[in-house]
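Listed below are the residues making up each chain.
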Amino acid sequence: MYQIFPDSFATEKGSIVKMAKSIETGYGMISANRLGGTIQGISENIEYIRELGINCIYLNPVFMANSYHKYDTADYFMVDACMGTLEELKEMVAICHRNHIRVILDGVFNHCGPDFFAFRDVLTYGSKSRYYDWFYDMPEPVCYMDPPDYAAFAYVKEMPKLNTSNPQLEKYLIDVGTYWIREADIDGWRLDVANEVNHDFWRHFKTAVKAVKPQFFLIGEIWEDAGVWLLGDQFDSTMNYRFSYLCKDFFATRTMTVSEFDAQMHKMIMRYPEQVSLVQMNFLDTHDVPRFLSYCVGDRRRLRLAYFYLFMGYGVPSVFYGDEYYIEGETENAYRSPMPWGSEDNCYDILREYAQIRREHSAIRNGTYRTVLCQDEKGLYLFLRENEQEKILIALNNSDEEQEISDKAWRIPPMQGDIRIL
């Protein structure tokens, strides 16, 4: 998977304008961006994504909104004016499909933006609005101010919280979920702040979208353990923040030993059924956290080793745009920096090699995960990925020194067939 923050990615092939603009869209609504990335820019760089070895992209929100990040949705049925048009979105998905790449969009159903028609109606008519119960814990009268006197995501007045237990709102948002499958042929939703939406809504949402497209993929944004959401009735996968925390401690800051990392990884894998753990969305960084390279204090070797483990490990590897260009950043504007197209200072070919290895070996994609060796003092970690077709031995040296491994230091349990070593 390749995660794209659209405003930061591209305006055309191999380029982004890095220029802010705003567009008045009618009814007093303003659409704004920060760096100028567009849907057309994504389309013109699909070859770059495909050559990296990607077969799925996840896009942060592309629907009509006020802010550059688009998490304050104004119209769920319209592509944002700064991002492009409906036809451009449909063409982008079609290009991806021709290149065997699936497309996952970001669904923001926990809250909306200040220009969402229902919220504007509530601001005008208060409790007399037919949409008053579409919002959670709404006072009377409603005052649009800082801090808000109504429930809002992160206490931000521009993001009033939706009451997804309301039957009319539930129907509206489910219609949104199925509309974009029918209209643009998308392949999945990543669902924002999923843990703050009621479970019955997600059950009904999943039933509806799977009825339209049975292989449709649902990823919930859950920062903690997500067992209750992964029982088969709500999501197929969740964003695996636990994976990123462990990689930070082991590869970036080296505050965790090999044995501790191994134990915690096994605990992480075993917390869900096998078929669920195999499709967890694993990543080192996203649009919501500092770049992994910043945690590494700029040590690119640690970043590359962590990415090697990401591709060889258990779950679905996700690359955040620009990590292949060594983007750093600890603040929002920094870790959402513009894509540094054209820079020769990159690890694109290295990540492409990792993706190719994973693509060529089914045991890495769906095999079991077995520890072979943990040597804390040397930083050596060996583990085995195995299925009925093959066995792959993965060896990592998480230290600054070259290490030798004696065949007496580790032993593979008796098995049939050859073992390939990476």
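Higher on the page you've got the structure.
Small disclaimer: the values here were computed from a predicted structure and weren't measured.

Asks: Sorry, what's going on with the overall build of the protein here?
Replies: From N to C terminus, the protein includes 15 helices and 16 strands. For 422 residues, the compact-globule formula gives about 22 Å, and the C-alpha radius of gyration of the protein, at 23 Å, lands near that figure. C-alpha extents for the protein along the principal axes are approximately 80 × 45 × 40 Å. Expressed as a percentage of its 422 residues, the buried residues of the protein come to 57%. For the protein, restricting intrachain contacts to residue pairs at least 6 apart in sequence, the fraction spanning at least 24 positions comes to 67%. In the structure as shown, the protein presents an accessible area of about 18,000 Å², 49% of it carried by carbon and sulfur atoms. Positive and negative charge centroids in the protein, built from 43 and 62 side chains respectively, lie 4 Å apart.

Asks: Whenever I open this one, helix α12 (residues 300-312) confuses me. Can you help?
Replies: Note: α-helices contain 3.6 residues per turn, so residues at a spacing of three or four share the same orientation. Between the first and last C-alpha of α12 there are 18 Å, a value that for 13 residues agrees with the 18 Å anticipated at 1.5 Å per step. Burial analysis of α12 places 10 of its 13 residues in the buried class, the great majority of the element. Buried within α12 we find Arg302, Leu303, Leu305, Ala306, Tyr307, Phe308, Tyr309, Leu310, Phe311 and Met312.

Asks: Teacher, can you tell me more about the packing of helix α6 (residues 167-184) against helix α7 (residues 199-212) here?
Replies: The relative placement of two packed helices comes down to the angle between their axes together with the axis-to-axis distance. α7 packs onto α6 with a crossing angle of 30° between their chain directions and a minimal axis gap of 9 Å. By the angle class used here, α6 and α7 are roughly parallel. Of the two possible hands of crossing, α6 and α7 adopt the one that is right-handed. Here Glu170, Leu173, Ile174, Gly177, Thr178, Ile181 and Arg182 of α6 come into contact with α7, specifically with Asp200, Phe201, His204, Phe205, Ala208, Val209 and Val212. Each residue belonging to the contact of α6 with α7 can be placed in one class, and the counts come to 8 nonpolar, 3 polar and 3 charged.

Asks: Looking at this structure, I do not really get the pattern of salt bridges. What am I missing?
Replies: Oppositely charged side chains can pair when the atoms bearing their charge come close. Using the criterion set out here, one finds 29 salt bridges in the structure. One salt bridge connects Asp233 with Arg203, and the closest N-O pair in it is separated by 2.6 Å. Linking Asp233 in the loop between β9 (217-220) and β10 (237-238) with Arg203 in helix α7, this pair joins segments that are 30 residues apart in sequence. With its nearest N and O atoms 3.1 Å apart, the salt bridge here joins Asp299 to Arg301. The exposure class assigned to Asp299 is buried, which follows from its relative accessible area of 16%.

What counts and what doesn't
- Residues numbered from 1 in each chain as written.
- Predicted model: local features only at pLDDT ≥ 70, side-chain atom pairs only at ≥ 80, totals over all residues.
- Heavy atoms only, no water.
- Helix = DSSP H or I, 4+ residues; strand = E, 2+ residues; numbered from the N terminus.
- Rg over C-alpha atoms; globule rule 2.2 N^0.38 Å.
- Buried < 20%, exposed > 50% of the residue type's maximum accessible area, 1.4 Å probe, protein only.
- Contact = heavy atoms within 4.5 Å.
- Areas by Shrake-Rupley, 256 points an atom, 1.4 Å probe, with all protein chains shown as cover.
- Lys, Arg positive; Asp, Glu negative; His and termini not counted.
- Charge placed at Lys NZ, Arg CZ, Asp CG, Glu CD.
- Expected span 1.5 Å × (residues − 1).
- Axes fitted to C-alpha atoms, helices over the stretch in contact; angles between N-to-C directions.
- Parallel < 35°, antiparallel > 145°, perpendicular 65-115°, else oblique.
- Left-handed = near helix turned anticlockwise from the far one by under 90°.
- Nonpolar A, V, L, I, M, F, W, Y, C, P; charged D, E, K, R; others polar.
- Salt bridge = Lys/Arg side-chain N within 4 Å of Asp/Glu carboxyl O.

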